[in-house]
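A closer look at the structure
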Amino acid sequence: MAKEELIEMRGKVAEVLPDSRCRVVLTNGHELVAYTGGKMKKHRIRIIAGDDVTLEMSPYDLTKGRIMFRHLPERTGGPRPPMRPRR
């Protein structure tokens, strides 16, 4: 495994911690502390408890990670109702 290779995993945010960090539970049950990636900070993407996220981890330290993507929940319901015309 090359030094630059990162492990990409999916998880769910269990708790939001100070300093843009979160406690994340991975799909395999492992729990770790992750911080928000640079683009997410730049574009002010908020992370809240219960969000489904993708994170990158170094193979050397599996207790820390970087949140790279926040997955939106699938929308339920039908099409939007038509808008009323303005008067």
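Quick look at the structure, then.

Parameters and conventions
- Residues numbered from 1 in each chain as written.
- Predicted model: local features only at pLDDT ≥ 70, side-chain atom pairs only at ≥ 80, totals over all residues.
- Heavy atoms only, no water.
- Helix = DSSP H or I, 4+ residues; strand = E, 2+ residues; numbered from the N terminus.
- Rg over C-alpha atoms; globule rule 2.2 N^0.38 Å.
- Buried < 20%, exposed > 50% of the residue type's maximum accessible area, 1.4 Å probe, protein only.
- Pairing = 2+ DSSP bridges.
- Axes fitted to C-alpha atoms, helices over the stretch in contact; angles between N-to-C directions.
- Polar contact = N/O pair within 3.5 Å; in protein donor to acceptor, adjacent residues only side chain to side chain.
- Contact = heavy atoms within 4.5 Å.
- 1 Å grid on protein atoms, 1.4 Å probe; cavity = no way out; pocket = protein on both sides within 12 Å on 5 of 7 lines; lining within 4 Å.
- Points joined across faces, edges and corners; volume = space filled by probe spheres on them.
- Core = buried A, V, L, I, M, F, W, Y, C linked by side-chain atoms within 4.5 Å.

**Digging into the overall build of the protein**
- Scanning the protein from terminus to terminus reveals one helix and five strands.
- The order of helices and strands in the protein, counted from the N terminus, is β-β-β-α-β-β.
- Relative to a compact globule of 87 residues, whose C-alpha radius of gyration would be 12 Å, the protein shows 17 Å and is clearly more extended.
- In terms of principal-axis extent, the alpha carbons of the protein reach across some 65 × 25 × 25 Å.
- Counting the 87 residues in the protein, one finds 23% classified as buried.

**Brief notes about the environment of Met-83**
- Secondary-structure assignment places Met-83 in the segment after strand E5 (64–71).
- Sequence-wise, Met-83 and Leu-62 are 21 residues apart; in three dimensions their C-alpha atoms are separated by 50 Å.

**Considerations on the sheet that holds strand E3 (residues 31–36)**
- On the basis of which strands lie adjacent, the closed barrel formed by five strands has the order E1-E2-E3-E5-E4 and mixed pairing. For this sheet, the mean inter-axis angle between neighbouring strands, taken without regard to orientation, is 50°.
- Relative to strand E2 (residues 21–26), strand E1 (residues 7–17) is paired through six bridges, and the arrangement is antiparallel. Along E2, the bridge assignment pairs Gly-11 with Leu-26.

**Describing the side chain of Thr-36**
- Relative to the helices and strands, Thr-36 resides in strand E3.
- With a relative accessible area of 9%, Thr-36 lands in the buried category.
- Polar contacts involving the side chain of Thr-36 include one to the main-chain carbonyl oxygen of Ser-20, which spans 3.0 Å.
- Not counting the four nearest positions on each side in its chain, Thr-36 is found in contact with Ser-20, Lys-41, Ile-47 and Ile-67.

**Section: the layout of surface pockets**
- Considered as a void within the structure, the largest pocket measures approximately 200 Å³ in volume.
- Lining the largest pocket we find Val-16, Leu-17, Ser-20, Arg-21, Cys-22, Thr-36, Met-40, Lys-41, Arg-44, Ile-45, Arg-46 and Ile-47.
- When contributions to the lining of the largest pocket are tallied by element, the ones reaching two or more residues are E1, E2 and helix H1 (38–42).

**What about the nonpolar core?**
- Core analysis: the largest hydrophobic core is formed by 12 residues, namely Val-13, Cys-22, Val-24, Leu-26, Leu-32, Ala-34, Met-40, Ile-47, Val-53, Leu-55, Met-57 and Ile-67.
- When contributions to this core are tallied by element, the ones reaching two or more residues are E2, E3 and strand E4 (52–57).
- Sequence-distant contacts of Ala-34, that is, excluding residues within four places in its chain, are made with Ser-20, Arg-21, Cys-22, Val-24, Leu-55, Gly-65, Arg-66 and Ile-67.

**Looking at the pairing of E1**
- Two strands pair when backbone bridges link them, and E1 and E4 are joined in this way by six bridges, in the antiparallel orientation. Its bridge partner being in E4, Lys-12 is matched across the sheet by Asp-52.
- Two successive antiparallel strands, E1 and E2, enclose a turn made up of three residues, where Asp-19 displays a positive phi of approximately 65°.

It is worth stressing that arrangement in space is one thing and function is another; only the former is reported here.
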